[in-house]
Amino acid sequence: MKAFPAVRAAVLVAALFFGNAAGATGYQFDFGTAGTEPGYVAVDNVTTWLAGLGYGWVSTNGLSVRDRGGPGTLRRDFIFDNTTSGLTFRVSGLTPNGKYLMKVLCGDASYGDHVITVSVPGAGTLPTMSPHIYQFLQLSASVNADATGTLNITFGSPTPNWVLNALTLESTTSDITPVIENSPCNEWDASVFATDPTPALLSRFDPGSVTNFIPSGLTRTNYLALIASEIDFWK
């Protein structure tokens, strides 16, 4: 993203905040170049921090972008880097010394060899993310802006090989224990789940064509619960 004229930058920053520009309540960033998630602001590998813009990379050295074509706008593309030094994404214009709930989304639909570290001054040691192929992990942690309302978030990797899909910051008054959770991507059409397809499928099944067929007795609910448990059948 190139530098904006002063007026355009001011309008963009005002639209970016959840709250008002003086002590904003939050940000939502979508990293990459292949479209932007509704309600988010796009950040690419050349978006350099400017005081008038209020967000961006302190250095873009080594940053690249990739687009896997899916799943969804937020997860299909990302910023990545293969250096060990780490690069810092800066957000300014926040409430001085304000507390924010930070959520970092990382994953790659094509590869599962990424290791991502996130560090924020004053936040202690945050857990490391290592998503598998087509797995998207979300790190949640409470962080604090400094006395100038600035937050520096550094991304790195010991491998080195880190990716970044999305980042959100939301004003909060609570401290939370840093946690990593799965952030599943559901692209199913809601109409798929509107009716139970089991009877129609079973009506087309001929038990006589299968040797030693024994009904399991399991229901659709049983199978959905098994799928939701994310059990790994390959272990």
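For the structure, check the block above.
Residues numbered from 1 in each chain as written. Predicted model: local features only at pLDDT ≥ 70, side-chain atom pairs only at ≥ 80, totals over all residues. Heavy atoms only, no water.

### Some details on the pairing of strand β6 (residues 87-91)
Turning to step 1, where the next piece is worked out: Counting buried positions along β6 gives four out of five residues, so the element sits mostly inside the fold.
Turning to step 2, where the next piece is worked out: Alignment of strand β3 (residues 55-57) against β6, held across three bridges, turns out to be antiparallel. Bridging from a neighbouring strand, G56 pairs with R90 of β6.
Turning to step 3, where the next piece is worked out: Here five bridges tie β6 to strand β10 (residues 151-164), and the two strands are oriented antiparallel to one another. Across the sheet, the residue bridging to T88 is T154, located in β10. (Buried < 20%, exposed > 50% of the residue type's maximum accessible area, 1.4 Å probe, protein only. Helix = DSSP H or I, 4+ residues; strand = E, 2+ residues; numbered from the N terminus. Pairing = 2+ DSSP bridges.)

### Some details on the pattern of salt bridges
Turning to step 1, where the next piece is worked out: This model, assessed by the stated rule, comprises three salt bridges.
Turning to step 2, where the next piece is worked out: Ionic pairing is found between R76 and D67, a salt bridge with its closest N-O pair at 2.7 Å.
Turning to step 3, where the next piece is worked out: Judged by its relative accessible area of 25%, R76 falls in the partly exposed class.
Turning to step 4, where the next piece is worked out: Between D175 and K99 there is a salt bridge, and its shortest N-O distance comes to 2.8 Å. (Salt bridge = Lys/Arg side-chain N within 4 Å of Asp/Glu carboxyl O.)

### Some words on the pairing of strand β1 (residues 26-31)
Turning to step 1, where the next piece is worked out: In terms of burial, β1 is largely enclosed, as six of its six residues are buried.
Turning to step 2, where the next piece is worked out: Of the strand pairs in this sheet, β1 and strand β11 (residues 166-171) are connected by five bridges, and their pairing is antiparallel. Note that in β11 the partner of G26 across the bridge is E170.

### A few points about the environment of P131
Turning to step 1, where the next piece is worked out: Within the element layout of this structure, P131 appears in the loop between β8 (115-119) and β9 (136-144).
Turning to step 2, where the next piece is worked out: Sequence separation between P131 and I116 is 15 residues; the distance between their C-alpha atoms is 8.7 Å.
Turning to step 3, where the next piece is worked out: The contact partners of P131, leaving out residues within four places of it in the chain, are C106, G107, G112, H114, I116 and L137. (Contact = heavy atoms within 4.5 Å.)

### Side note on the packing of aromatic side chains
Any pair of aromatic rings gets described here by the distance separating the centres and the angle formed by the planes.
Turning to step 1, where the next piece is worked out: Per the stated rule, a full pass over the model turns up 12 aromatic pairs.
Turning to step 2, where the next piece is worked out: Consider the rings of Y134 and F136, whose centres lie 6.3 Å apart with planes at 75°: the pair is edge-to-face.
Turning to step 3, where the next piece is worked out: Its relative accessible area of 2% is what places F136 among the buried residues.
Turning to step 4, where the next piece is worked out: These aromatic residues form a ring-pair network of at least three members: Y27, F29, F31, Y55, W57, F89, F155 and W162.
Turning to step 5, where the next piece is worked out: Here the basic side chain of R75 rests over the ring of F136, its NZ or CZ set 5.8 Å away from the ring centre. (Phe/Tyr/Trp six-rings, centres within 6.5 Å; stacked < 30°, edge-to-face > 60°. Lys NZ or Arg CZ within 6 Å of the ring centre and 35° of its normal.)

### Observations concerning the side chain of Q135
Turning to step 1, where the next piece is worked out: Relative to the assigned elements, Q135 resides in the loop between β8 and β9.
Turning to step 2, where the next piece is worked out: Look at Q135 and you get buried, because its relative accessible area is 18%.

### Digging into the nonpolar core
Turning to step 1, where the next piece is worked out: Formed by 38 residues in total, the largest nonpolar core has its most connected members in W57, F89, M102, V104 and V118.
Turning to step 2, where the next piece is worked out: Of the residues forming this core, the biggest block, six residues, is contributed by β10.
Turning to step 3, where the next piece is worked out: Apart from residues lying up to four places away in sequence, F89 is in contact with F29, F31, V43, Y55, G56, W57, L151, N152, I153, F155 and L167. (Core = buried A, V, L, I, M, F, W, Y, C linked by side-chain atoms within 4.5 Å.)

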